[in-house]
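Chain by chain, the residues run as shown.
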There are 2 protein chains.
Amino acid sequence: MILSPAISIDDIIDAARVIAPAAVRTPLLENDGLNARAGRRVLLKFEGAQRTGSFKFRGAYNRLARLDAAERAAGVVAWSSGNHAQGVAAAAKLLDIPATIVMPADAPAIKLANTRALGAEIVPYDRHTQSREEIATALSQSRGATLVPSFDDPWIIAGQGTTGLEILDQAAEAGADVGQILVCCGGGGLTAGIATAVKARAPATHIYSVEPAGFDDTARSLASGVREGIAPDARSICDALMAPSPGALTFPINHALLSGGLVVSDDQVRDAMRFAFATLKLVVEPGGAVALAAMLAGVAPPSSGASVVVLSGSNVDPAAYAAIIGA
Amino acid sequence: MILSPAISIDDIIDAARVIAPAAVRTPLLENDGLNARAGRRVLLKFEGAQRTGSFKFRGAYNRLARLDAAERAAGVVAWSSGNHAQGVAAAAKLLDIPATIVMPADAPAIKLANTRALGAEIVPYDRHTQSREEIATALSQSRGATLVPSFDDPWIIAGQGTTGLEILDQAAEAGADVGQILVCCGGGGLTAGIATAVKARAPATHIYSVEPAGFDDTARSLASGVREGIAPDARSICDALMAPSPGALTFPINHALLSGGLVVSDDQVRDAMRFAFATLKLVVEPGGAVALAAMLAGVAPPSSGASVVVLSGSNVDPAAYAAIIGA
């Protein structure tokens, strides 16, 4: 299998073909309350409606579908805070591939339970003292299994990029001219995929990554031009966006195509989750709400066309959600 | 203005034309977790994404848009537990019509606040001791304002029926053959509208009303053939579905077109709300969840084609919601 170091729009079109039988074409929604609050036209790409409740299924299915018979039989190994875990587990189940996922012991219980329910073997680790990469790499080598990275892989990036194709198609169906897209950013796979798809078809569109404070490695890397890391003591409620640095494959794409990196606070994320509950009637997890938070908090730059906000995931524990919306 | 005693598919097609500039074409969603749990293909019509968070805007806007200049100047009066209130208030605001809404003093705070925020005057009453009809009728007569019933009105029924047209169009787009539709039922306006639309275009489709236990007046009326009332001490968490009996206009339509009336318990409704949170990632209020409850609890009859579940509204207080999903 040949992996090119970067991806093109053709890789994303091919990914869309591959995932079509299994993935959901999630809705692009518009809400008058949000438009009024933001003072502009906003379109919401709701990936909570995707299989497994986040966009991660797109990349995982696109990656696993490329494995040959021998690779499928040997299984896959991944590490993930929970959404990539579920995406890989669901894709593996559909394709009849054994899956082992290295997950933080303190991942949201819903993400652990859902991953297990999808038939994957879970190997827990301590997020603060152990290296998930090392554990997963050792597992894949000992088993001859294929390692499925959560973002730094061309097939993964191309799969996430199918979100961008849908956004452009659905915005056109809604009669909207897209001026900017705000994308939640952990390791940068979704951002890089969407940027590749959208800049190829609508080059004037501005794409912004959005990260939680403390995990603004992509914002700082975009500013400095080199891959920056996070502080070792960084904490955030956005468990899905805790990648320690931009990816080796994703960062060059994002550096070339993004208009900038935005940052929001955990309190702004909580406000966005409450707004999604009360006005949008959508369940959004903390990491899935950062782009909405940027729009509501006035962090998003002005746009000459409609602003698209990606709600990237919705897997949140009931108790944590109840505490945030009930506050 | 001539109001015909019943409505036809043409009235609904005309309503769809009238509300198109203002209403949301809400998504018809499919979820693999729901299909697996239900053991059949289920499509979800999510009216939480409608303007004001429930289907009620459809009928309200269709009704208010028919008023002439003098009627608009004199304003409108409505009574409602909250969703019709918001629908009327939002339509009135868009059409620049003064609106007064008679609402139960114990309506969910979110419904009272949203109705007030839309610029309507609110007149509270005690649901257990006062007649909302009498209060609203007296108000409309003293002011020369038009009374806007919450269900027993041809324009209202026709407006709600646009939901049925969208279901058939969107199911066809999804490649689904609709075998049955489960519709939340209070006074029966949404049910009658959907039934009129769907039976005209797809006569073999089975339509079922779904009500909470204690407020099963439509189910019992369908069985007996005459309009039955509820017990005076009936209670339910489904505040949106507390109409005391089927409507004079809606019941003959439902009696002629429905395949039966289903009933679910409050506990089954809570389970459905939790499922919507955890798996669908959608916020649904108690009254909006009864059709989903019927599907999940095995109350829905078998279907020879896809089952459509209408999620009719999503206006629920954060504390009440937190208590249900966190339990």
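Nothing here was measured: the structure is a model prediction, and the numbers come from that model.

A. Structural context of the packing of helix 12 (residues 266-280) of chain A against helix 14 (residues 318-325) of chain A. Residues and elements named next belong to chain A. Contact geometry of helix 12 with helix 14 gives a least axis separation of 9 Å together with a crossing angle of 90°. The angle between helix 12 and helix 14 places the two elements in the roughly perpendicular class. Mapping the contact onto sequence places R270, M273, R274 and F277 in helix 12 and Y321, I324 and I325 in helix 14. The class makeup of the residues in the contact of helix 12 with helix 14 is 5 nonpolar, no polar and 2 charged.

B. The arrangement of the relation of the copies chain A and chain B in detail. Of the transformation superimposing chain A on chain B, the axial component is 0.0 Å and the angular component is 180°, with the fit at an RMSD of 0.0 Å. The operation mapping one copy onto its partner corresponds to a two-fold rotation axis. The share of interface residues of chain A whose copies in chain B are also at the interface is 100%, consistent with both copies meeting through the same surface.

C. Spatial organisation of the confidence of the model for chain A. Residues and elements named next belong to chain A. Looking at chain A as a whole, its pLDDT mean stands at 95, while 98% of the residues score no less than 70. Overall, residues 1-5 carries pLDDT values under 50, and its contacts beyond four positions in sequence, including any with other chains, amount to 10 contacts. Both scores are available for the predicted complex, with the pTM at 0.95 and the ipTM at 0.94.

D. How the structure looks around the sheet that holds strand 2 (residues 42-46) of chain B. All names here are of chain B. As summarised here, the arrangement of the 6 strands in space is 1-2-10-7-8-9, forming an open sheet in which the pairing is mixed. Sheet topology places strand 1 (28-29) and strand 9 (260-264) at the edges, where each strand pairs with a single neighbour. Pairing between strand 2 and strand 10 (residues 306-311): 5 bridges, direction parallel. For V42, the partnering residue across the bridge sits in strand 10 and is S307. Strand contacts of helix 8 (residues 154-173): strand 1, strand 2, strand 7 (178-184) and strand 10, with the helix running at about 135° to strand 2, the strand carrying the most contacts. Those strands touched by helix 10 (residues 217-224) are strand 8 (206-212) and strand 9, and its axis lies near 130° from that of strand 8.

E. A look at the packing of aromatic side chains. What the rule picks out here adds up to 4 aromatic pairs over all chains. Consider the rings of Y321 of chain A and F277 of chain B, whose centres lie 5.0 Å apart with planes at 45°: the pair is tilted. Of this pair, Y321 of chain A sits in helix 14 while F277 of chain B sits in helix 12 (residues 266-280), on two different chains. Here Y321 of chain A matches F277 of chain B in class, with each residue buried.

F. Representation of the interface of chain A and chain B. Contacts between the two partners involve 25 residues from chain A, matched on the other side by 25 residues from chain B. Interface area lost by chain A to chain B is led by F277, K281 and V283 of chain A, which between them contribute 33%. Close ionic contact of D32 of chain A with R51 of chain B constitutes a salt bridge, the shortest N to O distance being 3.5 Å. The interface formed by chain A and chain B includes 6 residue pairs in polar contact (both at pLDDT 80 or more). Those elements giving two or more residues to the side of chain A that touches chain B turn out to be helix 12 and helix 14 of chain A. In terms of residue count, helix 14 of chain A provides more of the side of chain A that touches chain B than any other element does, 4 residues in total. Among the residues forming the side of chain A that touches chain B, the class breakdown is 15 nonpolar, 5 polar and 5 charged.

Rules used in this analysis
- Residues numbered from 1 in each chain as written.
- Chains lettered and ligands numbered in written order.
- Predicted model: local features only at pLDDT ≥ 70, side-chain atom pairs only at ≥ 80, totals over all residues.
- Heavy atoms only, no water.
- Axes fitted to C-alpha atoms, helices over the stretch in contact; angles between N-to-C directions.
- Helix = DSSP H or I, 4+ residues; strand = E, 2+ residues; numbered from the N terminus.
- Parallel < 35°, antiparallel > 145°, perpendicular 65-115°, else oblique.
- Contact = heavy atoms within 4.5 Å.
- Nonpolar A, V, L, I, M, F, W, Y, C, P; charged D, E, K, R; others polar.
- Least-squares fit on C-alpha atoms with pLDDT ≥ 70 in both.
- pLDDT = per-residue confidence, 0-100.
- Pairing = 2+ DSSP bridges.
- Phe/Tyr/Trp six-rings, centres within 6.5 Å; stacked < 30°, edge-to-face > 60°.
- Buried < 20%, exposed > 50% of the residue type's maximum accessible area, 1.4 Å probe, protein only.
- Buried area = accessible area lost by both parts, 1.4 Å probe.
- Salt bridge = Lys/Arg side-chain N within 4 Å of Asp/Glu carboxyl O.
- Polar contact = N/O pair within 3.5 Å; in protein donor to acceptor, adjacent residues only side chain to side chain.

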